Amino acid sequence: MVEPDEVVSMARMVLARTGDLAGQQVVVTAGGTREAIDPVRFVSNYSSGKMGFAIAEVARDRGAAVTLITTVNRPPLFGIEKIHVNSAQQMLEAVLTATREADVLVMAAAVADFRPEAIAEQKIKKQVDTEGLTLEMVRNPDILAEVAKQKSAGYGPRVTVGFAAETEDLMTNATNKLTRKKLDLIAANDVTATDAGFAVDTNRVTLIAAAGSVEELPLMSKVEVAEAIFDKVSQLNLKR
Ligand code: CTP
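Thresholds applied
Residues numbered from 1 in each chain as written. Predicted model: local features only at pLDDT ≥ 70, side-chain atom pairs only at ≥ 80, totals over all residues. Heavy atoms only, no water. Near = heavy atom within 4 Å. Polar contact = N/O pair within 3.5 Å; in protein donor to acceptor, adjacent residues only side chain to side chain. Areas by Shrake-Rupley, 256 points an atom, 1.4 Å probe, with all protein chains shown as cover. Helix = DSSP H or I, 4+ residues; strand = E, 2+ residues; numbered from the N terminus. Pairing = 2+ DSSP bridges. Axes fitted to C-alpha atoms, helices over the stretch in contact; angles between N-to-C directions. Contact = heavy atoms within 4.5 Å. Buried < 20%, exposed > 50% of the residue type's maximum accessible area, 1.4 Å probe, protein only. Right-handed = clockwise from strand over helix to strand, strands pointing away.

**Quick notes on the site of the ligand**
And then number 1: Close to the ligand lie 15 residues; M107, A109, F163, K177 and K181 are nearest.
And then number 2: Here an oxygen atom of the ligand and a backbone polar atom of M107 are 2.8 Å apart.
And then number 3: Take A109: an N or O atom from its main chain is 2.8 Å from an oxygen atom of the ligand.
And then number 4: The fraction of the free accessible surface of the ligand (570 Å²) that becomes covered by protein chains is 79%.
And then number 5: Secondary structure elements with two or more residues in the shell around the ligand: helix 4 (143-152), strand 9 (159-166) and helix 5 (170-180).

**Remarks on the sheet that holds strand 13 (residues 214-216)**
And then number 1: If you walk across this open sheet you meet the 8 strands as 5-4-1-6-9-10-12-13, and the pairing is mixed. If you trace the sheet from one side to the other, it starts and ends with strand 5 (81-84) and strand 13, each paired once. Each adjacent strand pair in this sheet contributes to an overall mean axis angle of 15°, direction not counted.
And then number 2: In this structure, strand 1 (residues 25-30) lies alongside strand 6 (residues 104-107), joined through 4 bridges in parallel fashion. Residue pairing across strands places T29 opposite M107, the latter belonging to strand 6.
And then number 3: Taken strand by strand, helix 4 contacts strand 6 and strand 9, and its axis lies near 160° from that of strand 9.

**So, the pairing of strand 10 (residues 185-190)**
And then number 1: Strand 10 sits mainly inside the fold: 5 of its 6 residues count as buried.
And then number 2: Bridge count for strand 9 against strand 10 is 6 bridges, and the pairing is parallel. Bridge assignment links G162 to a residue of strand 10, and that residue is I186.
And then number 3: Each parallel crossover has a hand, and the one from strand 9 via helix 5 to strand 10 is right-handed.
And then number 4: Strand direction decides the pairing type here: strand 10 and strand 12 (residues 205-209), joined by 5 bridges, are antiparallel. If you follow A188 over to strand 12, its bridge partner there is T206.

Limitation: the analysis is restricted to geometry and does not speak to function.
Have a look at this one:
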């Protein structure tokens, strides 16, 4: 028997055929990247992928063909192509391939800025006589910066959306990221709030558009935040 969730998703997809994203290809990333230390360990962060999954579902329900690139081991969402990755480098490759023909990219993933310089082939054993372990870390590629390079070469998504996960100076840091990463829109996110950011079902973001608008949204469900993002994306997309 078909699961009730699947029936609801099917009904939503049928209704979505006339949605404002009908005919658009949307690529979404979700979750924290996992940077391997050895075969059994990795470095990561608290991102649960909930925001990215909500964005993918909302895009589908507004009519888009959606590719979700994620590190999160959740069952696939009905009607959404899911690509599983672990590291930032794997995510970069998947994003560059998926966005060649895409209309919109939403980078909700929490990408690790650094990875261990080398992955040990065998499980690292503790030495009886040593008290500590030092990991050499090297910089990961900035996925949005690589997407921006593709865009200047004439291909890649028409609209790029990023998130700014901040613990201080939210607006200044988010505005700098919007410019530095050549984004059309950024969702500024104070991740220190207990009801917003990582691993909860609600979020409070301010949407800053490169075109100049600033919209401070109240506390909302992540699905409502996703709807607000696509309301803005829809306006940007139509103008191009
Ligand atoms: N991002 C990315 N590639 C990275 C790091 C981040 O594409 N290597 C994307 C994230 O998915 C997000 C945006 O860039 O959409 C901002 O991520 P964030 O972690 O807030 O910022 P950083 O680029 O890591 O900058 P900082 O270290 O100054 O916070």
